[in-house]
Amino acid sequence: MGKKVLLIEDEPNIIEAVSFILSRDGWEVKTHSNGHDAIMAVRERAPDLIILDVMLPGKSGFDILHEIRADEDHAETPVLMLTARGQLKDREMAERAGASRYMTKPFSNAEVLDAVRSLVPQ
Amino acid sequence: MKSKSGPVFLERRTYRRRRMIDAARLLPVLGIILVSIPLLWNGTPDPHTRTTYAMFYLFVVWIILVALSAIISRYLGPNESDEQSLGDR
Amino acid sequence: MATLNVLILVCLSYVVFLFAIAFAADRAALHGRGTWLHSPLIYTLSLSIYCTAWTFYGAVGFAARSGLEYLTIYLGPTLVMIGWWWTLRKMVRIGRSQRITSIADLISSRYGKSNTLAVFVTILAVVGTTPYIALQLQSVTLSFATFAEADLTSTSLPNRQSTAFLVAVGLALFTILFGTRNLDVNERHHGVVMAIALEAVVKLFALLAVGVFVVWGLAGGVEQTLERINASEIARWEVPTSRWIGLTMLSAAAFLCLPRMFQVMVVENENEGHLRTAAWAFPAYLMLMSLFVVPIAAVGLDVLPQGSNPDLFVLTLPLNAGRDGLAILSFLGGFSSATSMVIVAAIALSTMVSNHVVMPIWLHLTGGTAVVSGDVRNVALLARRLSIAGIVLLGYLYLQLSGGGTALAAIGLVSFAGVAQFLPALMGGLVWRGATRLGALCGLGVGFAVWMYCLFLPSFGSSSILPQTLFDHGLFGMSWLRPQALFGVEGMDQVVHAVMWSMLLNTASFVFVSLVSFPKPVERLQGAQFVNVFQHSATAGSWSGGLAQSEDLMIMSQRILGAPEAQAFFAAAAQRQGLAGYLPEPSPDFLQELERELSGSVGAATAHAMISQIVGGATVSVEDLMAVADETAQIMEYSNQLEAKSQEQARTARQLREANEKLTQLSVQKDGFLSQISHELRTPMTSIRAFSEILRDTEDLSPEEQSKYSSIIHDEAIRLTRLLDDLLDLSVLENGQVVLNEHKGCLEDLLDRAVAITGGGAGNFAIRREKSAEQVVLLTDLDRLAQVFINLIANARKYCDADRPELTIKTSQKADRLLVDFTDNGSGIPTDQQTVIFEKFSRIGQTKAGGAGLGLAICREIMARLGGGIDYLPGQRGASFRVTLPLNSQNATQ
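- For chain A, an unreviewed UniProt entry supplies the name Putative transcriptional regulatory protein TcrX and the organism Roseovarius litorisediminis.

Shown next as structure tokens:
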């Protein structure tokens, strides 16, 4: 049984693509598509890895990241952040907020797999 | 009241207008007096005590009042807004 | 000779004619035609409702009984009219500047917008007027019956009760139809006024015709007529001094105080200048009305058999001489006098009842929430209609209960004396700043009680309502309380006695209580405004806003004034303050203006209450302000100047703040432009890249997966293309390089197309339209316009968050502009976002949506190119966009 990934993203096609790639690599992929109750989803699923989009309806990815880091159980859970805004200050913000890794869209499938594998030792 | 004491001498037009306002104020007083005169005839002998006589008198008074009112109204044209404060006190 | 049938026919045609005239006048006024409607002549003629059936028929009866005494009824108003400079001018000015709706409203406004006072005046007016309405109904039935008796061919006499009932129903109908068409008093009752003016001509003509017939037809010339008068019972001039003076004063007072006179004189007044014409023309009218009264009376007494009712001489003289045509004309004259009085009285009273009794109760019951949510306008209209029906019905019931007869004939003066009780409070309020609410209440109360006790109740005849012992020995056996000999004053004429005591005690208590009581600040403020109405047409501060929410005020105003009127009013106010859009700063000036506007519809007290419900504790600060500033005019003026200055500064500050806000918001957005466009481009590219890699790298894909993933790639590619198209479109539009393709087309077709493209009313999304209003032919770039419509409908579909989303498309025309409003029932757009939604890349919140936030920016550019505009319309509950288009679009091309 593979490790659990929680994908928090609002664009349905990207959800589909990432789920496809990861599940073929043996991951168990759960998805969640809005910002409001993302932290609830994190608590409920208790994933080994979180993939988090920055622009979400209801709450920004940075805020959610703060919440995750503030939660005792998930303070150490690796978080991979995705963003469609490739500016430097976004990357800095992500690192300050405690993101484990940061990726800019569009990404290649191989990059995603590499990043995920390196964040969660199999 | 707050009287910003205006100029002592007024333009001829303004002066005329003010006198017309005075006339408009006095007209009902004149009317009351004229209309009350027939009361003096009570109890005096003929011919003053005839209804026809009083009727003539009253209708003539009435026509005079209407005419005076018409004349005064004509002179108190619509340009009243320029000196509203005068109208009141 | 079927006189009765002819009479009925003539009468019905006359009524139809009146309806037609009223209808035509209303239509003419609606379309802004008919300047003659606004002529001083019409105003003067409308004043003639003073001459009711009581004067038309009754004057002759009065003259036959007591000679020239009847003239007092006409001389009083004549003196008031020629003395217009003293009182009427002021009343009309106040009525216009404070947007007064009735005499109750005037008195209530003057004394601090007190509703207690308004209710009291309303009740008094209803009590005083109901018998008078009964009298009119009676006169119509009586004259009808006279005809029936004279007509030998008729087999059965018409039932008097059913005649009265039919007349009452007809009058109520007419009044409701033409009297409650508009809610706002500012939009005057042109139809009603026109019909009344016509009736004024008819009654004057009828009476003159009868007079000419009597003098030259029956008596044989002027000299012979005078001889007959000299030979008759009324040959001697023997009018009691007390009655001559008393009745003249009474009729003068009633002329000022009668609710119906107030209605035509002040409320329906279009132009203060009309008063100047009426100042001589109305006395002339009265003179003509009374010219032939004595001759008719004298000849009637001479010619007609002993014991005939002198009240009907005007009718029976021509009938007796076989002049049926003249008799019918005379009947029409009486009929006109009666109907016009009832119509105007019903309008005046219904306004009072609905504004001061029904609306406050309704507002109280709904707990103020109705101010924003309920449909106040409809309630007010309904209240007015019901009040009209109720008042006319009351008159009818009074007629039935009192049984008509002679008791009713005396009611004219009784009624005059009743309404004359308003005089001290009214006149005192106009000239004396020290008059207080408490004083007015006490004066009215005392006067009303004395009038009731000494005149109204005894008018039913001794021992009918009041027991005989009361008349003989007084209340509680105290002889100085006898109703007809108060304080032991005996031997006086009953009417003069009652008028003297009621007015004396009324005025005394009014003055005394005013002197010892202390007015509230609002009262003092209103007092100053009324007494010195000519000194400052502008006003002293009243509302201190800031707390008020312009949008709430707008929602409320739309309910009362109607949406287009309220929007126009708010937009104009905003423009005056130098602000764009529909929401002005709730400055004191604006609030006061709004309050006046509203008070035109629902009365001063109610309007005040409504605004204070929204503005909150503002009244307190007014009172504080007043306490400081009231005493000396200098201080007030100085503080007003300061206030104006600080307001000016506050407004400039707000404008700056607004501009700054917008700039900051814009710069944040411009700053975000790159990251925005990057986001918009990268998102679809992510999917395209990911799926193309999947298709490339994965071997064992099923055919379904393959086709699914390629179609995703395809869709996302299209999305990218669309985004680029939009960007290009916008840049082309912004640079003004666009070429318009103008065609003729029907708005309805265009909307049909837009609705169809956006998916129509599919799903649970409902679109409501009013196709009849959409039959407008446009000459414009139809494709571009459709693009705007599509965008708006698609937005509503996408963003409307109601459970049952619903979009209303409303088309209207204003001046030469076509307005198309798209209003949904969702939660709308927050006020702070309303200014930026038309900017590029602005989307409400961070919601995921197909668009890039360019749609409305494109719409705005398109509409500017088409010579129109698109605005956000606040205060409509949901989100609402208004598309404006010039109707003759020929010059829209740039």
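Continuing now.
As for the overall build of chain B
Then, number 1: Looking only at helices and strands, chain B features 3 helices and 0 strands.
Then, number 2: Per-residue burial over chain B gives 22% buried out of 89 residues.

A look at the packing of helix 2 (residues 40-47) of chain C against helix 14 (residues 274-291) of chain C
All names here are of chain C.
Then, number 1: At a closest axis distance of 9 Å, the pairing of helix 2 and helix 14 adopts a crossing angle of 45°. Taken together, the axes of helix 2 and helix 14 lie oblique to each other. When you trace helix 2 past helix 14, the crossing you get is right-handed. Seen from helix 2, the contacting residues are Pro40, Tyr43, Thr44 and Leu47; seen from helix 14, they are His274, Thr277, Ala278, Ala281, Phe282 and Tyr285.
Then, number 2: Among the residues making up the contact of helix 2 with helix 14, the classes are represented as 7 nonpolar, 3 polar and no charged.

Observations concerning the interface of chain A and chain C
Interface size, as often reported, equals the accessible area lost upon joining of the parts.
Then, number 1: With 18 residues of chain A at the contact, the number on the chain C side is 18 residues.
Then, number 2: In terms of residue count, the dominant contributor to the side of chain A that touches chain C is helix 1 (residues 12-24) of chain A (5 residues).
Then, number 3: Classifying every residue of the side of chain A that touches chain C by side-chain character gives 9 nonpolar, 5 polar and 4 charged.

Some details on the interface of chain B and chain C
Then, number 1: The interface of chain B with chain C comprises 34 residues on the first partner and 36 residues on the second.
Then, number 2: Secondary structure elements with two or more residues in the side of chain B that touches chain C: helix 1 (12-36), helix 2 (51-75) and helix 3 (84-88) of chain B.
Then, number 3: The element that contributes the greatest number of residues to the side of chain B that touches chain C is helix 2 of chain B, accounting for 13 residues.
Then, number 4: Its residues assigned to classes, the side of chain B that touches chain C shows 20 nonpolar, 10 polar and 4 charged.

As for the sheet that holds strand 9 (residues 880-886) of chain C
All names here are of chain C.
Then, number 1: Taken in spatial order, the 5 strands make up an open sheet running 4-6-7-9-8, and their pairing is mixed. Strands with a single pairing partner mark the edges of an open sheet, and in this sheet they are strand 4 (766-769) and strand 8 (869-872). The average angle at which neighbouring strand axes cross in this sheet is 20°, direction not considered.
Then, number 2: Two strands pair when backbone bridges link them, and strand 7 (residues 817-824) and strand 9 are joined in this way by 7 bridges, in the antiparallel orientation. Looking at the pairing, Phe822 lines up with Phe881 of strand 9.

Quick notes on unusual backbone geometry
Then, number 1: Residue Pro106(A) is reached from Lys105(A) by a cis peptide bond, and omega for that bond is -10°.
Then, number 2: Position of Pro106(A) among the secondary structure elements: in the loop between strand 5 (101-104) and helix 5 (109-119).
Then, number 3: Positive phi is not limited to glycine here, since Ala46(A) has a value of about 45°.
Then, number 4: Turning to its location among the elements, Ala46(A) is positioned in the loop between helix 2 (38-45) and strand 3 (49-53).
Then, number 5: For Ala46(A), a count of 11 C-beta atoms within 10 Å gives the class exposed.
Then, number 6: The phi dihedral of Lys113(C) falls on the positive side, at around 55°, and the residue is not glycine.
Then, number 7: Structurally, the position occupied by Lys113(C) is in the loop between helix 7 (103-110) and helix 8 (115-150).

A short note on the sheet that holds strand 3 of chain A
Residue and element names in this part refer to chain A.
Then, number 1: The parallel open sheet is built from 5 strands, whose spatial order is 2-1-3-4-5. Here the strands that pair on one side only, and so sit at the sheet edges, are strand 2 (28-32) and strand 5. Taken over all neighbouring pairs, the strand axes of this sheet differ in orientation by 20° on average, direction set aside.
Then, number 2: Where strand 4 (residues 79-83) lies against strand 5, 4 bridges are found, and the strand directions are parallel. Paired with Leu80 across the strands is Arg101, a residue of strand 5.
Then, number 3: Across the face of the sheet, helix 2 comes into contact with strand 1 (4-8), strand 2 and strand 3 while running at roughly 170° to strand 1.

So, the UniProt feature "transmembrane region" (unreviewed entry) in chain B
Residues and elements named next belong to chain B.
Then, number 1: With numbering matched to this structure, UniProt assigns "transmembrane region" (unreviewed entry) to residues 21-41 and 53-76.
Then, number 2: What you have in residues 21-41 is 76% helix and 0% strand, and the ends, taken at the C-alpha atoms, are 33 Å apart.
Then, number 3: Structurally, residues 53-76 is divided into 96% helix and 0% strand, and its ends, taken at the C-alpha atoms, are 35 Å apart.

Cut-offs and rules
Residues numbered from 1 in each chain as written. Chains lettered and ligands numbered in written order. Predicted model: local features only at pLDDT ≥ 70, side-chain atom pairs only at ≥ 80, totals over all residues. Helix = DSSP H or I, 4+ residues; strand = E, 2+ residues; numbered from the N terminus. Buried ≥ 20, exposed ≤ 12 C-beta atoms within 10 Å, placed from the backbone. Axes fitted to C-alpha atoms, helices over the stretch in contact; angles between N-to-C directions. Parallel < 35°, antiparallel > 145°, perpendicular 65-115°, else oblique. Left-handed = near helix turned anticlockwise from the far one by under 90°. Contact = placed C-beta atoms within 7 Å. Nonpolar A, V, L, I, M, F, W, Y, C, P; charged D, E, K, R; others polar. Pairing = 2+ DSSP bridges. UniProt positions renumbered as here; feature names shortened; annotations may be inferred.

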